[in-house]
Amino acid sequence: MSECIWIHYARPRPHWYGLDAATQAAHEKTWAMAAEASLAAGGSRLGRYHIRGQQDFETVEIWRFPSAEAAFEHWSALTAAAYGELNAFANNIGLAIEGSP
Amino acid sequence: MTLLTEATDIFAAEKRSGRCLVAFAAKRQPLGSGLFGSDQVRRLKTLLQALRAEGWLMSVRAMFEPNASAEPYVFDTGFAHEMDMVGAFEAPSLSAALAGTVRLEQAGWARRFATEWLLGPREFSTVQGRGALTDHSWGFLALWEWNDAWSAATKAERRAYDEECDVAFKGDVALGINIAGRHRLDWASPWHHAGLWEASSLGSVDLAMQGHEAAADFKFTTSRHYVGRLRPLADFIEPDPD
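Residues numbered from 1 in each chain as written. Chains lettered and ligands numbered in written order. Predicted model: local features only at pLDDT ≥ 70, side-chain atom pairs only at ≥ 80, totals over all residues. Heavy atoms only, no water.

## Comments concerning the overall build of chain A
- Helices and strands together make up the secondary structure of chain A, namely three helices and four strands.
- Listed N to C, the secondary structure of chain A is β-α-β-β-α-α-β in terms of helices and strands.
- Counting only C-alpha atoms, chain A reaches 50 × 30 × 15 Å along its principal axes.
- With 101 residues in all, chain A has 42% of them scored as buried.
- A fraction of 72% describes how many contacts in chain A between residues 6 or more apart in sequence connect residues 24 or more apart.
- Total accessible area on chain A stands at roughly 5,400 Å², and carbon and sulfur atoms take up 55% of it.
- Charge separation in chain A, taken as the distance between the mean sites of 7 positive and 11 negative side-chain charges, equals 6 Å. (Helix = DSSP H or I, 4+ residues; strand = E, 2+ residues; numbered from the N terminus. Buried < 20%, exposed > 50% of the residue type's maximum accessible area, 1.4 Å probe, protein only. Contact = heavy atoms within 4.5 Å. Areas by Shrake-Rupley, 256 points an atom, 1.4 Å probe, with all protein chains shown as cover. Lys, Arg positive; Asp, Glu negative; His and termini not counted. Charge placed at Lys NZ, Arg CZ, Asp CG, Glu CD.)

In C-alpha cells, the structure reads:
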C-alpha cells in the first residue's frame, strides 16, 4: 500500500444555512471527531483553504493518507455523519509520482 | 462501510469484499507518427494479462461470470459521445485499483487516451435480467450524484423515492437488462455512484430510460449516461500505422 494525497472540495448545501447555530456546531463537532480519528490512524492534514473567489466550491482540504483504503475510511466516516448531505463536494485521490521530491 | 442509500427490493447490499471498480471513460488522442506503436501495444497487452493474473476482472461481463472471458471488453461510445470508449474492470483492492491506473497510464494508455478514471467499492450485488437473453452486445454506464433536493429530503421521502425508482429498475430487468449492481465513487470523484448495464439493444436502453423518467428518477440526481456497443479493448489499442 502506498501513501496517497486526498483532495477535498466542499461548499455548504443550501439547507445548511437554515440550521440553527447549535445544530451546525453539533455537526461540525462530529466531523471534527472523525478527522481526529483519521489523524490518529496515520493520516495527516495539510490544511483547509478558502477558494470561493476562484471556484464554485468554498474550501479545499488536503490530506495525506497511508493508503487509498485509509482515505476511503475517512470519507466513509464523514458521510455516515451526514457530511455529504450538508455539503456539496468533489474528491480526488492520487499516488505520489515515483522519484518526486 | 455505510451505504449512501439503503438496499431495496431489486438491490441487495454486497458483503464488503474490499474489491474495487476501475471504470473509465476514454478519448483517443491524436498523436504524432510513431508515438503509439507496437512497443506500447505490447506493454499494454502484457500488463492487462498481468492484472488479470493478479485477480482483476477485465469486463462488465466478468462481474456476472468471473470465468467468462479473460479478454478485456469495453463499450464503443464514439458514435454518440465525446468519449470513444467506456468500460470497467474490477481490482482486488482500492490500493490495487489506484496503482493499476498509474501502471496502465505508464505502459502507454496515457499516450493513447485522455481518461476519466472512476474508482470505488461495490455497494450492491449484480442483478440478472429476466429471460434467457445471451445477447449482451450493448452497454450503459450511468454516473450520478445526489443533488441538493435529495440531500434536504427526509428519510421517508428518500425511501418513497427509492421505492418509485425500484419500479423502474424492475422494468429494466424485465427488458432483459443485466445490472452490475452499484459502485460507490464519492470518496475519489465528483460523482457519487456508478451503474453499469448490459443490454441487447440501444432500443432497450432507451425504453428503460423512459421508465426512469416516468418514475421521476432524475428529480433527486444529476446524471451522466454513456451508451456503447460491446467491443474488445484490443481494437482501441492497435498501433497507429507508421
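## A short note on the pattern of salt bridges
Residue and element names in this part refer to chain B.
- If you walk through the whole model with that rule in mind, you get 18 salt bridges over all chains.
- Glu-123 is paired through a salt bridge with Arg-182; the nearest N and O atoms lie 2.8 Å apart. Taken together, the positions of Glu-123 in strand S4 (residues 113-124) and Arg-182 in strand S7 (residues 182-184) put the pair 59 residues apart, joining distant regions of the chain. (Salt bridge = Lys/Arg side-chain N within 4 Å of Asp/Glu carboxyl O.)

## Digging into the pairing of S4(B)
All names here are of chain B.
- For S4, a buried count of nine out of 12 residues is recorded, marking the element as mostly surrounded by other parts of the structure.
- The sheet contact formed by strand S1 (residues 20-28) and S4 spans nine bridges and is antiparallel. Looking at the pairing, Phe-24 lines up with Trp-117 of S4.
- As defined by bridge partners, S4 adjoins S7 across two bridges and the pair is classed as antiparallel. Bridging from a neighbouring strand, Phe-124 pairs with Arg-182 of S7. (Pairing = 2+ DSSP bridges.)

## Some remarks on the sheet that holds strand S2 (residues 44-50) of chain A
Residues and elements named next belong to chain A.
- In space, the four strands of this open sheet follow the order S2-S3-S1-S4, with antiparallel pairing throughout. At either end of the open sheet lies a strand with only one pairing partner, and these are S2 and strand S4 (87-95). On average, each strand axis in the sheet is inclined to that of its neighbour by 15°, with strand direction left out of account.
- Pairing of strand S1 (residues 4-12) with strand S3 (residues 59-65), which is carried by seven bridges, proceeds in the antiparallel orientation. (Axes fitted to C-alpha atoms, helices over the stretch in contact; angles between N-to-C directions.)

## What about helix H5 (residues 155-174) of chain B?
Residues and elements named next belong to chain B.
- With 20 residues, H5 ought to run about 28 Å at 1.5 Å a step, and its terminal C-alpha atoms sit 28 Å apart, in line with that.
- Buried within H5 are the following residues: Arg-158, Tyr-161, Asp-162, Cys-165, Asp-166, Ala-168, Phe-169, Asp-172 and Val-173.
- Residue Gly-176 follows H5 closely and has a positive phi angle near 85°. (Expected span 1.5 Å × (residues − 1).)

## Let's talk about the packing of aromatic side chains
- Applying the stated criterion across every chain yields a total of 23 aromatic pairs over all chains.
- Between Phe72(A) and Trp187(B), the aromatic rings sit 5.9 Å apart at their centres with planes inclined by 75°, giving edge-to-face as the arrangement. With Phe72(A) in helix H2 (residues 68-80) and Trp187(B) in the loop between S7 and strand S8 (193-199), this residue pair bridges two chains. The same class applies to Phe72(A) as to Trp187(B), namely buried. (Phe/Tyr/Trp six-rings, centres within 6.5 Å; stacked < 30°, edge-to-face > 60°.)

## Describing the side chain of His136(B)
Residues and elements named next belong to chain B.
- Assignment of secondary structure puts His-136 in the loop between S4 and strand S5 (138-146).
- Looking at His-136, the relative accessible area reads 12%, which means it is buried.
- One polar contact links His-136 to Asn-178, side chain to side chain, over a distance of 3.2 Å.
- Residues within four places of His-136 in sequence aside, it is in contact with Arg-61, Asn-178, Glu-198, Ala-199 and Leu-230. (Polar contact = N/O pair within 3.5 Å; in protein donor to acceptor, adjacent residues only side chain to side chain.)

## Comments concerning the side chain of His183(B)
Residue and element names in this part refer to chain B.
- With respect to the helices, strands and loops of the structure, His-183 is situated in strand S7.
- With relative accessibility at 1%, the residue His-183 sits in the buried group.
- Residue contacts for His-183: discarding those within four places in its chain leaves Leu-21, Met-63, Glu-90, Gly-120, Pro-121, Arg-122, Glu-123, His-192, His-193 and Ala-194.

## Brief notes about the packing of H2(A) against helix H3 (residues 94-112) of chain B
- Where H2(A) contacts H3(B), the two axes come as close as 7 Å, and the packing angle between them is 120°. When the axes of H2(A) and H3(B) are compared, the pair comes out oblique. Mapping the contact onto sequence places Ala68(A), Glu69(A) and Phe72(A) in H2(A) and Leu94(B), Ser95(B) and Leu98(B) in H3(B).
- Taken together, the residues of the contact of H2(A) with H3(B) break down into four nonpolar, one polar and one charged. (Parallel < 35°, antiparallel > 145°, perpendicular 65-115°, else oblique. Nonpolar A, V, L, I, M, F, W, Y, C, P; charged D, E, K, R; others polar.)

## Looking at the pairing of S4(A)
Residues and elements named next belong to chain A.
- Here S4 lies mainly inside the structure; seven of its nine residues are buried.
- Inspection of the sheet shows S1 paired to S4 by nine bridges, in the antiparallel sense. Within the sheet, the bridge partner assigned to Arg-11 lies in S4 and is Ala-88.

Functional significance is not addressed by these values, which are geometric in nature.
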